[in-house]
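One letter stands for each residue in the lines below.
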There are 2 protein chains.
Amino acid sequence: MKISADTLKKFSEKKVAFIERMGLGVVESKPRYVKLKAPLEGNENHIGIMYAGALFTLAEVPGGALFATSFDTSKYYPIVKELSIRFRRPATTDVTIEMEMTTEEIERIQAQADENGKADYILEGEIKDASGEVVALSKGIYQIRAVAG
Amino acid sequence: MKISADTLKKFSEKKVAFIERMGLGVVESKPRYVKLKAPLEGNENHIGIMYAGALFTLAEVPGGALFATSFDTSKYYPIVKELSIRFRRPATTDVTIEMEMTTEEIERIQAQADENGKADYILEGEIKDASGEVVALSKGIYQIRAVAG
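The paragraphs below set out a description of the structure included in this document. Computed from a prediction, not measured in an experiment: that's the story for all the values here. (Residues numbered from 1 in each chain as written. Chains lettered and ligands numbered in written order. Predicted model: local features only at pLDDT ≥ 70, side-chain atom pairs only at ≥ 80, totals over all residues. Heavy atoms only, no water.)

### Some words on the relation of the copies chain A and chain B
Superposing chain A onto chain B takes a rotation of 180° plus a shift of 0.0 Å along the axis, which leaves an RMSD of 0.0 Å. One copy is carried onto the other by what is essentially a two-fold rotation axis. Relative to the rotation axis, the closest C-alpha in chain A is found at S84 of chain A, a distance of 2.0 Å. Most of the interface of chain A is mirrored in chain B, where 100% of its interface residues are also at the interface. (Least-squares fit on C-alpha atoms with pLDDT ≥ 70 in both. Contact = heavy atoms within 4.5 Å.)

If you want it as structure tokens, here you go:
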């Protein structure tokens, strides 16, 4: 069973109130690819630029979204082990992030989880402002684990 | 001019809507020390544990809170350059974080900013659940910069 793009959309936008409250939206999603957007409005810090926690959340969500469209969700579930974010310049507009994985990468990770019960993988992302400038860089360490049974 | 604990309380709880929306609260704040709390309710992810972005935000806010009570805010302003968070175990209760700095550390950082216009410093934190278990560990690289003038 693979989760449909429609389910993913619901997952990404609605299922976690924390994410919903910041107005995070799906620009495009398809298997192994996701592009998400976060509005500046409502997510400003005390000096009017986008707050670090909003940028972090935008960088974190693609991990779950890619899992939902790309992995066999009947056999594995994902956890985020670690996430680092480097703030390169102030975000003064809405921002987006794109992330994708290759089929080979996904197959390799799933094969490793079949053998060991779990497999780590890294997802790196760039958050860009409306002019295409990179405002933040993220590196997440995720793990899929085989569902017991 | 040092910002009062009352102002800090406002800063920490109210000034950034993103932080306010997650119900982050000040348990205790005094110069060079802050303890903050985040409720599980409203911050759950799709499987009912605290969402990563809420834990990140709880780990990030003490940097600003410590700046406001501990540094000379008429001469410097802070930025967060980078923040890593490692998720050690699921957070299934409200969580807290405590952070403190020594007078010596603050004086050293301010002296360096006086000389170079800026100074980096690291703040490490542990997020604990209601039973005192560490659920996440954070490491932030902050920088104070001298106000122009």
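### Description of empty space enclosed by the protein
All told, the structure shown has one cavity of 30 Å³ or more when counted by the stated rule. In this structure, the largest cavity occupies an estimated 30 Å³ of space. Residue lining of the largest cavity: F18, R21 and M22 of chain A together with F18, R21 and M22 of chain B, and that is the complete set. Every element with two or more residues in the lining of the largest cavity is listed here: helix 2 (17–21) of chain A together with helix 2 (17–21) of chain B. In terms of residue class, the lining of the largest cavity is built from four nonpolar, no polar and two charged. (1 Å grid on protein atoms, 1.4 Å probe; cavity = no way out; pocket = protein on both sides within 12 Å on 5 of 7 lines; lining within 4 Å. Points joined across faces, edges and corners; volume = space filled by probe spheres on them. Helix = DSSP H or I, 4+ residues; strand = E, 2+ residues; numbered from the N terminus. Nonpolar A, V, L, I, M, F, W, Y, C, P; charged D, E, K, R; others polar.)

### A closer look at the pairing of strand 5 (residues 118–128) of chain B
Residues and elements named next belong to chain B. The alternating pattern of strand 5 places A119, Y121, L123, G125 and I127 on a buried face and K118, D120, I122, E124, E126 and K128 on a face that is not buried. Two elements, strand 4 (residues 95–100) and strand 5, share two bridges in a ladder whose sense is antiparallel. Pairing of I97 across the sheet is with I127, part of strand 5. Alignment of strand 5 against strand 6 (residues 134–146), held across eleven bridges, turns out to be antiparallel. If you follow Y121 over to strand 6, its bridge partner there is Y142. Connecting the antiparallel pair strand 5 and strand 6 is a turn made up of five residues, with G132 showing a positive phi of about 90°. (Buried < 20%, exposed > 50% of the residue type's maximum accessible area, 1.4 Å probe, protein only. Pairing = 2+ DSSP bridges.)

### Observations regarding the packing of aromatic side chains
Taken as a whole and assessed by the stated rule, the structure comprises ten aromatic pairs over all chains. For the pair F56 of chain A and F56 of chain B, a centre-to-centre distance of 4.0 Å together with 15° between the ring planes defines the contact as stacked. Of this pair, F56 of chain A sits in helix 3 (residues 52–70) while F56 of chain B sits in helix 3 (residues 52–70), on two different chains. Of the two residues, F56 of chain A and F56 of chain B, neither departs from the other in class, the shared state being buried. (Phe/Tyr/Trp six-rings, centres within 6.5 Å; stacked < 30°, edge-to-face > 60°.)

### Thoughts on the pattern of salt bridges
This model, assessed by the stated rule, comprises ten salt bridges over all chains. The salt bridge partner of K81 of chain A is D120 of chain A, with a shortest N-O separation of 2.9 Å. Within this pair, whereas K81 of chain A is found in strand 3 (residues 76–87), its partner D120 of chain A is found in strand 5 (residues 118–128), the two being separated by 39 residues in sequence. By relative accessible area, D120 of chain A is classed as partly exposed at 34%. The partner of E133 of chain B in a salt bridge is R89 of chain B, and the shortest N-O contact between them spans 3.5 Å. With E133 of chain B in the loop between strand 5 and strand 6 and R89 of chain B in the loop between strand 3 (76–87) and strand 4, this residue pair connects regions lying 44 residues apart in the sequence. (Salt bridge = Lys/Arg side-chain N within 4 Å of Asp/Glu carboxyl O.)

### Some words on the interface of chain A and chain B
If you look at the interface, chain A gives 29 residues, while chain B gives 29 residues. With both sides pooled, the region where chain A packs onto chain B buries about 2,300 Å², and carbon together with sulfur makes up 64% of that total. In this assembly, chain A and chain B are joined by zero salt bridges. Here chain A is connected to chain B by eleven residue pairs in polar contact (both at pLDDT 80 or more). Listed by contribution, the elements that provide at least two residues to the side of chain A that touches chain B are helix 1 (5–15), helix 2, helix 3 and strand 3 of chain A. The element best represented in the side of chain A that touches chain B is strand 3 of chain A, accounting for eight residues. (Buried area = accessible area lost by both parts, 1.4 Å probe. Polar contact = N/O pair within 3.5 Å; in protein donor to acceptor, adjacent residues only side chain to side chain.)

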